[in-house]
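# Structural overview
Below, each chain spelled out in residue letters.
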Amino acid sequence: MTPMYLHVEGIGLWSPRLADFAALRALLAGDTPAVPTAPTAVLLPANERRRAPESVRLAVEVAGQALAMSGRDPATLACVFASGHGDQAITDAICTTLARAPAELSPTRFHHSVHNAPAGYWTIATGCRAPSSAVCAGAYTFGAALLEAAAQAQAEQRPVLLVYSDMAGRGPLLEMTGCGRSFGCSLLLAPGASATPLAQLRLEASADHAASTPPPATLADEADGQPAGAALALLASLAGCGRRCRLALATALDLLIDMEPAA
Amino acid sequence: MTTPMTPLAISACTVTSALGRGLAAQHGALLHGGSGLRPNDFGSAPRLGWIGRVDGVEAIALPATLADWDCRNNRLAWLGLQQDGFLDRVHAARARHGARRVALLLGTSTASIGATEEAYRRLDADGRFPADLRRPALHAPDSLSAFAAAALGLDGPCLTVSTACSSSAKVFASAARLLALGLADAAVVGGVDSLCDNVLFGFNALELISPSACRPFDAARDGISIGEAAGFALLERVEAAPRAPRLLGYGEASDAWHMSSPHPDGHGAELALDAALARAGLDAARVDYVNLHGTASRQNDAMEAALVARRFPATTRASSTKGFTGHTLGAAGIVEATIALQAIEHGCVPGNLGAATPDPDCGPQFAWQGESRRVDVALSNSFGFGGNNACLVFGRAP
């Protein structure tokens with residue numbers, strides 16, 4: 001394959017101790033960033049923000065951060081929303097209701113349960129009529145979603161907003177997902193010339209499979225028990241820790257990423 | 001601006017739904033007007049509308065090496081993979097291209113959540129999942145693709161698309177991009193969704209389930225009938241299968257309107273149609289048949305009837321086949337892709353089963369009865385919750 005070259009125009013991030021990408025940079029530089037509030041998702045209208053489940057607020061928060069950095073128009077911006085586990089709280093609540101009194105299932109909870117609920121809320125809030133998607137790939141979710149977004153940006157020659165998020169699980173399901181912490185991040189990827197590049201990425205699928213680049217030890221909490229480790233390794237590189245990243249893409253394939261900071 | 005794409009060969013496909021196992025069963029039912037719908041006899045939701053249930057899923061046994069993946073959704077996937085020689089075709093593609101060069105892109109809306117529902121019904125004394133269901137890979141939204149990758153022995157890029165009812169249409173778009181960029185040499189696409197309490201009670205809570213068999217585009221239509229299905233297709237570059245039918249275009253767009261109802265003016269649906277036609281390099285007048293999303297919900301069918309009326313000439317034929325299969329949700333895209341491909345192969349347009357009194361807003365394009373005619377270009381519409389729209393264009397090999 002020919003490598004794909006894409007600019008990063010925006011980066012979003014939220015975890016229980018990191019409010020945004022600047023906080024990650026500060027943490028990696030040895031500072032202690034202020035503990036953030038819950039994701040605010042300011043792009044959602046107030047009534048939607050109240051109605052939206054936590055998983056949607058997390059995804060919209062990080063998506064909005066990357067969008068703001070890029071200055072792009074969201075109405076025509078394609079987006080790929082990825083989550084390894086989906087909304088675990090809603091799955092837990094729905095399965096609990098179905099086990100006890102199925103006829104009492106809430107219609108709102110049901111339509112919030114679709115994997116594309118964050119994509120739906122995002123496109124509605126931003127007036128986006130561009131293609132939107134919602135994807136997953138278990139432990140490989142971030143790598144596979146990055147390939148999906150990058151391929152769309154490259155093949156269709158359009159910017160694509162990639163959003164990855166998983167929330168803390170709860171209930172009996174948590175033992176299965178092993179995902180007990182919330183984490184979200186986003187990258188706005190653009191082909192060709194870019195007015196506001198933060199970095200340039202060279203992405204190539206490798207025909208082999210080796211140990212993935214680990215996230216820095218200081219981010220072990222964020223990477224705990226969810227497919228976020230790959231995202232954190234890449235974010236740390238974007239924050240200046242290393243120029244090359246190997247991410248697992250599938251059971252026997254990796255994605256090799258080289259980056260050049262913007263001049 | 002959307003530019004034309006290089007067509008791809010659909011070198012094999014298969015489908016299993018309430019109409020039966022394999023392409024021949026589907027073609028026979030479509031030809032003779034036989035619906036696969038029946039009064040709901042599934043799970044904890046008896047008497048909740050009608051359903052399109054696949055017979056015999058309960059009796060399917062997975063091979064011992066795949067036993068950890070056992071659940072209704074994966075049994076249905078396995079049943080589907082056995083039909084029409086599809087497994088052999090995938091194995092041949094794997095041998096030809098290499099396991100890492102064959103991508104696997106599947107759509108599903110609820111994957112194996114039926115197994116998670118069962119675990120919650122049978123929590124043990126400590127409130128944990130019962131021991132036999134403590135299988136983490138089963139309680140994840142990517143379980144279908146992970147199972148299929150193991151079952152097919154594929155090691156290429158692997159992704160689950162889960163955009164509700166457009167899921168297994170959008171996988172064609174993802175596959176086309178990977179092949180165009182040389183990230184894969186072939187792609188298995190498709191989708192599986194199976195009956196479960198979540199969707200039956202969920203759509204019931206939204207008051208979207210018809211008490212009788214669904215009636216797409218009927219003036220008195222009153223909701224959907226939920227079905228289940230498994231379908232797959234193998235996409236390769238045309239040189240690999242020059243005589244095979246082709247994917248000519250795809251289009252994707254969002255409504256930016258509402259989480260559970262379509263834009264009343266069909267803006268997103270029309271943008272997806274425009275993009276699909278632009279990639280195929282075709283005018284709407286060149287389309288011989290449109291397989292409609294046509295769920296039999298009041299709002300979808302009103303929006304889609306208006307879209308057909310304003311965009312296609314009377315020579316274009318259009319119908320919904322949900323009256324045959326029910327709405328198979330995340331599998332609807334692949335099921336209806338195979339119906340569009342069969343329209344091309346057999347020269348027959350399926351009738352819009354279930355509409356006794358056509359909605360007067362439907363134009364002359366509607367095929368209320370089955371028709372025999374040559375079909376060179378066929379479209380399939382798939383629209384999902386969250387305003388997620390996809391349109392695919394298929395064509396005969398020149």
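Conventions and cut-offs
Residues numbered from 1 in each chain as written. Chains lettered and ligands numbered in written order. Predicted model: local features only at pLDDT ≥ 70, side-chain atom pairs only at ≥ 80, totals over all residues. Helix = DSSP H or I, 4+ residues; strand = E, 2+ residues; numbered from the N terminus. Rg over C-alpha atoms; globule rule 2.2 N^0.38 Å. Buried ≥ 20, exposed ≤ 12 C-beta atoms within 10 Å, placed from the backbone. Contact = placed C-beta atoms within 7 Å. Nonpolar A, V, L, I, M, F, W, Y, C, P; charged D, E, K, R; others polar. Pairing = 2+ DSSP bridges. Axes fitted to C-alpha atoms, helices over the stretch in contact; angles between N-to-C directions. Parallel < 35°, antiparallel > 145°, perpendicular 65-115°, else oblique. Left-handed = near helix turned anticlockwise from the far one by under 90°. Core = buried A, V, L, I, M, F, W, Y, C linked by C-beta atoms within 7 Å.

## A look at the overall build of chain B
What chain B contains, in helices and strands, is 11 helices and 16 strands. For a compact globule of 398 residues, the expected C-alpha radius of gyration is about 21 Å, and chain B comes in at 20 Å, within 12% of that figure. Reported as C-alpha extents along the three principal axes, the dimensions of chain B are approximately 60 × 50 × 40 Å. Considering chain B as a whole, with its 398 residues, one finds that 67% of them fall into the buried category. For chain B, long-range pairs separated by at least 24 residues make up 79% of all intrachain contacts whose partners lie at least 6 apart in sequence.

## Some words on the interface of chain A and chain B
Contact residues are listed per partner, giving 56 residues for chain A and 60 residues for chain B. Elements with a contribution of two residues or more to the side of chain A that touches chain B: α4 (88–100), α5 (107–112), α6 (117–126), β3 (132–136), α7 (141–156), α8 (174–177) and β7 (244–250) of chain A. Here the side of chain A that touches chain B gets seven residues from one element, more than from any other, and that element is α7 of chain A. Its residues placed into classes, the side of chain A that touches chain B shows 34 nonpolar, 19 polar and three charged. The sheet contact formed by β3 of chain A and strand β6 (residues 158–161) of chain B spans two bridges and is antiparallel. Following the sheet pairing, Val-135 of chain A is matched in β6 of chain B by Val-161 of chain B.

## What about the environment of Ser-165 of chain A?
By the secondary structure assignment, Ser-165 of chain A is in strand β4 (residues 160–166). Each C-alpha atom, one on Ser-165 of chain A and one on Thr-251 of chain A, is 21 Å from the other, the two residues being 86 residues apart in sequence.

## Notes on the packing of helix α3 (residues 54–70) of chain A against α6 of chain A
All names here are of chain A. Between α3 and α6, the least distance of the axes is 9 Å, while the angle of their chain directions is 55 degrees. Between α3 and α6, the angle falls in the class oblique. Taken as a pair, α3 and α6 cross one another with a handedness that is right-handed. Touching Ser-55, Val-56, Ala-59, Val-60 and Ala-63 of α3 are Ala-117, Pro-118, Tyr-121, Trp-122 and Ala-125, all from α6. Looking at side-chain class alone, the contact of α3 with α6 contains nine nonpolar, one polar and no charged residues.

## Some details on the environment of Gly-240 of chain A
Residue position: Gly-240 of chain A is located in the loop between α9 (229–238) and β7. On a C-alpha basis, the gap between Gly-240 of chain A and Gly-169 of chain A in space is 31 Å, while along the polypeptide they are 71 residues apart.

## Section: unusual backbone geometry
All names here are of chain B. For Glu-207, which is not glycine, the phi dihedral falls at a positive 55 degrees. For Glu-207, the position within the fold is in the loop between α7 (197–205) and β8 (226–227). When the 10 C-beta atoms within 10 Å are taken as the criterion, Glu-207 is described as exposed. The phi torsion at Phe-217 lies on the positive side, around 65 degrees, for a residue other than glycine. Within the secondary structure, Phe-217 sits in the loop between α7 and β8.

## Quick notes on the sheet that holds strand β4 (residues 50–52) of chain B
Residues and elements named next belong to chain B. Taken in spatial order, the three strands line up as β3-β4-β8 in an open sheet, and their pairing is mixed. Strands with a single pairing partner mark the edges of an open sheet, and in this sheet they are β3 (38–39) and β8. Taken together, the two bridges between β4 and β8 define a ladder with parallel strand orientation. Across the sheet, residue Ile-51 finds its bridge partner in β8, namely Ile-226.

## Considering the nonpolar core
Counting 243 residues, the largest nonpolar core has Ala-187 and Leu-392 of chain B as its most contacted members. For this core, the element with the highest residue contribution is α7 of chain A, accounting for 10 residues. With sequence-adjacent residues up to four places away left out, Ala-187 of chain B is seen in contact with Val-102, Ala-103, Leu-105, Ala-175, Leu-178, Leu-179 and Leu-235 of chain B.

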